[in-house]
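# Breakdown of the fold
Residues per chain are reported as follows:
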Amino acid sequence: MFKNRASKKAGLPPGTMVYVGKEQAGEATVSMIQYSEQEAEEVSVDVRNLQIAVPENKDRVTWIQVTGVHDLALVENLGRIFELHPLVMEDIVHTMQRLKVEDYGDYIFAAMRAMHPYDEQICLILGPGYVISFQENPSPLFDSIKERIMKGKGRIRRLGAGYLCYALMDIVVDSHYHVMESINERLEALQESALEDYYGETIHGIHALKGEVFRLRKSVWPLREMIGRIQRSDSGLVSREVSVFFRDVLDHAAQLADTVENFREMLASIQDTQLSSLSNKMNDVMRVLTVISTIFIPMTFLAGIYGMNFKYMPELEWKAAYPVFWIIVIIMGLGMVWWFKKKKWL
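Now for a description of the structure that goes with this document. All of these numbers come straight from a predicted model, not from anything done at the bench. (Residues numbered from 1 in each chain as written. Predicted model: local features only at pLDDT ≥ 70, side-chain atom pairs only at ≥ 80, totals over all residues. Heavy atoms only, no water.)

## A short note on the overall build of the protein
To keep things clear, this is the line we draw: Under the scheme used here, helices are H or I runs from DSSP no shorter than 4 residues and strands are E runs no shorter than 2 residues, and both carry numbers assigned from the N terminus. A radius of gyration in this sense is built from C-alpha atoms; the matching globule rule multiplies 2.2 Å by the number of residues raised to 0.38. Between buried and exposed lies partly exposed: a residue is buried under 20% and exposed over 50% of the maximum accessible area for its type, with that area taken using a 1.4 Å probe on protein chains only. Residue contacts are defined here by distance: any two heavy atoms, one from each residue, within 4.5 Å place the two residues in contact. Only the protein chains shown count as cover for residues, and the accessible areas themselves come from Shrake-Rupley with a 1.4 Å probe. The charge count treats Lys and Arg as positive and Asp and Glu as negative. His and the chain ends do not count. Where a charge sits is defined by one atom per residue type, namely NZ (Lys), CZ (Arg), CG (Asp) or CD (Glu).
Helices and strands together make up the secondary structure of the protein, namely 9 helices and 7 strands. The C-alpha radius of gyration computed for the protein amounts to 35 Å, which surpasses the reference 20 Å derived for 346 residues by more than 25%, pointing to a less compact arrangement than a globule. With the principal axes as the frame, the protein shows a C-alpha extent of 120 × 45 × 30 Å. By residue count, 43% of the 346 residues in the protein fall in the buried class. Counting contacts in the protein only where the partners sit at least 6 residues apart, residues at least 24 apart contribute 66% of the total. Carbon and sulfur atoms provide 55% of the accessible area of the protein, an area that totals close to 19,600 Å². Counting 38 positive and 44 negative side-chain charges, the protein places the averaged centre of each group 8 Å from the other.

## Comments concerning the environment of His-85
Locating His-85 in the fold gives a position in the loop between helix H2 (72-81) and helix H3 (86-93). By relative accessible area, which is 33% here, His-85 ends up partly exposed. In sequence terms His-85 and Val-213 are 128 residues apart; their C-alpha atoms lie 34 Å from each other. For His-85, the contacting residues outside a window of four places in its chain are Tyr-104 and Tyr-107.

## Topic: the pairing of strand S3 (residues 61-67)
Rule in force here: Following DSSP output, two strands are said to pair if at least two bridges run between them.
Of all 7 residues that make up S3, 7 are buried, and the element is covered over most of its length. Every second residue of S3 is oriented toward a common face, with Val-61, Trp-63, Gln-65 and Thr-67 on one face and Thr-62, Ile-64 and Val-66 on the other, all of them buried. Two strands pair when backbone bridges link them, and strand S1 (residues 29-35) and S3 are joined in this way by 7 bridges, in the antiparallel orientation. Of the residues in S3, the one forming a bridge with Val-30 is Val-66. The sheet contact formed by S3 and strand S7 (residues 130-135) spans 6 bridges and is parallel. Residue pairing in the sheet places Thr-67 in a bridge with Gln-135 of S7.

## A few points about the nonpolar core
How we decide: Residue types Ala, Val, Leu, Ile, Met, Phe, Trp, Tyr and Cys, when buried and joined through side-chain atoms within 4.5 Å, form a set referred to as a nonpolar core.
In this structure, Trp-63, Ile-145, Leu-164 and Phe-246 are the most contacted members of the largest nonpolar core, which totals 60 residues. With 17 residues, helix H5 (residues 160-194) is the single largest residue contributor to this core. What Leu-164 contacts, discounting residues up to four positions off in sequence, is Tyr-35, Val-61, Trp-63, Val-131, Ile-145, Ile-149 and Ile-156. In terms of nonpolar packing, the next biggest core, distinct from the first, is built from 30 residues, Val-69, Phe-82, Leu-84 and Met-89 among them.

## With respect to the packing of aromatic side chains
Applicable threshold: Aromatic rings from Phe, Tyr and Trp, with only the six-membered ring used for Trp, were paired whenever their centres fell within 6.5 Å, and each pair was classed as stacked if the ring planes differed by under 30 degrees, edge-to-face if by over 60, and tilted otherwise.
Going through the model one piece at a time under the given rule, you end up with 10 aromatic pairs. With a centroid separation of 5.1 Å and 85° between ring planes, the pair formed by Tyr-163 and Phe-245 is classed as edge-to-face. Taken as a pair, Tyr-163 in helix H5 and Phe-245 in helix H8 (residues 240-305) lie far apart in primary sequence, 82 residues in all. Phe-245 shares its class with Tyr-163; the two are buried. Ring geometry for Tyr-166 versus Phe-245: centroids 5.5 Å apart, planes at 40°, classification tilted. Of this pair, Tyr-166 sits in helix H5 while Phe-245 sits in helix H8, and the two are 79 residues apart along the sequence. Exposure remark for Phe-245: the relative accessible area of 18% places this residue in the buried category. Connected via pairs of aromatic rings, a cluster forms that spans Tyr-163, Tyr-166, Phe-245 and Phe-246.

Shown next, in the form of structure tokens:
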């Protein structure tokens, strides 16, 4: 599905909007919240007849939340209203976009990836007095932010659009922790089974987990550079007071990156342990088979001699030849078992 859609972009000029992502059955929605330090209100928005304008009152913050970037007409209308660069609109509808931050002077564009409750691309546009967020799926990801704004909790209504952008990015970064906890639990289970799993089931678990860790690494690794660029931006969209909070998100991103690297090392260690365990088990099996073969070699030698069809073999005429043969064979077998145990080969 994705490959077929991605191939449609081949040969098209830069800035051409082509939706690349999962099929979306529902309609796109737009919600808008406008707030100041004293009050907040949620404004209904008609998707087909956008009555939105670039905010002129910088004392009020406008947050436009778009759900469903498969609606190209909606994204194009917003781009026209806020004078977004064509490359920005192209990146918004390309949901497999590389994580990035671009400073266009009048606004800052950020493409991130949320991991919980859905694995989806989140795009944020921070401008003077406004923030536009783009999500692929309807989800409760930003519900806590909306509740804080409407109830006036904390400092979110006092510190402007820059702080709102920080709060949204903080939620996106924190969404990785749920996946981290799940992977950590599975790694602990793999560590316990690595020494006891002699049939290679742990190997399959390791390979499955490697794919998830690799996908997580792609989402986490660029975060430090992205947040650092916003923090160091000289566009004036992030005040010095808000810049301190971006430093906190930067610390979270660095912690996530370190944790992902630890996961990779743990996976490599578990794989080495599993392979060593399988190798040791194979050595045990080979040692037992070798000992059994060694015990039966002299017995087979004697049986081969007396199984020959020569006419003149004096032992064949003895009445006690058969029991004597078995006594010799049993003594040889027990003697070799005793010797192997003395050498601690058994």
